[in-house]
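Below, each chain spelled out in residue letters.
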Amino acid sequence: MKIKPVVPREQARRDVEDAVAYYLGEGAESAALGFVDALEKAYAHIGRHSAAGSPRYAHELNLPGLRCWSLARYPHLVFYVGHPDHIDVWRVLHGQRDIPAWMQAPAGT
């Protein structure tokens, strides 16, 4: 099994920074660290098993190849597209968001 590198887009990195800042702002340092740990585990999993994520939003958003993977113990979803040589992470969003609206990334991200 080939492990593919996981490459977050700029918007996905901002999503992660915002989530960590939220937890830290709430005084929940252990939650912030746990979130980063859960995200690293999710990235490792999708790097090994890119087809494991749900294609649900690919159908809803008409974005062929889009998959999502939920973080363990956190209400966040990793949205990504698998390519032959890497995993392209588009967004890392809280599951309670309006996903279709939040998936509209600014041009060039």
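Preceding this paragraph is the structure being described.
All of these numbers come straight from a predicted model, not from anything done at the bench.

Visitor: Is there a simple way to think about the packing of aromatic side chains in this case?
Guide: The geometry of an aromatic ring pair is captured by two quantities: the separation of the ring centres and the angle between the planes. The final tally for this structure, using the stated rule, is 5 aromatic pairs. Relative to Y23, the ring of Y22 lies with its centre 5.7 Å away and its plane at 65°, an arrangement referred to as edge-to-face. Owing to a relative accessible area of 13%, Y23 belongs among the buried residues under this scheme. Judged by centre distance (5.8 Å) and plane angle (75°), the ring pair of F35 and Y74 falls under edge-to-face. Of this pair, F35 sits in helix α2 (residues 29-48) while Y74 sits in the loop between β2 (66-70) and β3 (76-82), and the two are 39 residues apart along the sequence.

Visitor: Looking at this structure, I do not really get the sheet that holds strand β1 (residues 6-8). What am I missing?
Guide: Strand-to-strand pairing in sheets goes through backbone hydrogen bonds, with the strands running parallel or antiparallel. Overall, mixed pairing links the 4 strands, which are arranged β1-β4-β3-β2 in an open sheet. Strands with a single pairing partner mark the edges of an open sheet, and in this sheet they are β1 and β2. With direction set aside, neighbouring strand axes in the sheet form an average angle of 35°. Note: β1 against strand β4 (residues 87-94), 3 bridges, orientation parallel. Residue pairing across strands places V7 opposite D88, the latter belonging to β4. Lying on the sheet, helix α1 (residues 10-25) is in contact with β1, β3 and β4; it crosses β4 at an angle near 35°. Sheet strands touched by α2: β1, β2, β3 and β4. Its angle to β4, the strand with the most contacts, is close to 145°.

Rules behind the numbers
Residues numbered from 1 in each chain as written. Predicted model: local features only at pLDDT ≥ 70, side-chain atom pairs only at ≥ 80, totals over all residues. Heavy atoms only, no water. Phe/Tyr/Trp six-rings, centres within 6.5 Å; stacked < 30°, edge-to-face > 60°. Buried < 20%, exposed > 50% of the residue type's maximum accessible area, 1.4 Å probe, protein only. Helix = DSSP H or I, 4+ residues; strand = E, 2+ residues; numbered from the N terminus. Pairing = 2+ DSSP bridges. Axes fitted to C-alpha atoms, helices over the stretch in contact; angles between N-to-C directions. Contact = heavy atoms within 4.5 Å.

Everything listed here is a matter of coordinates, which is why it stays silent on function.
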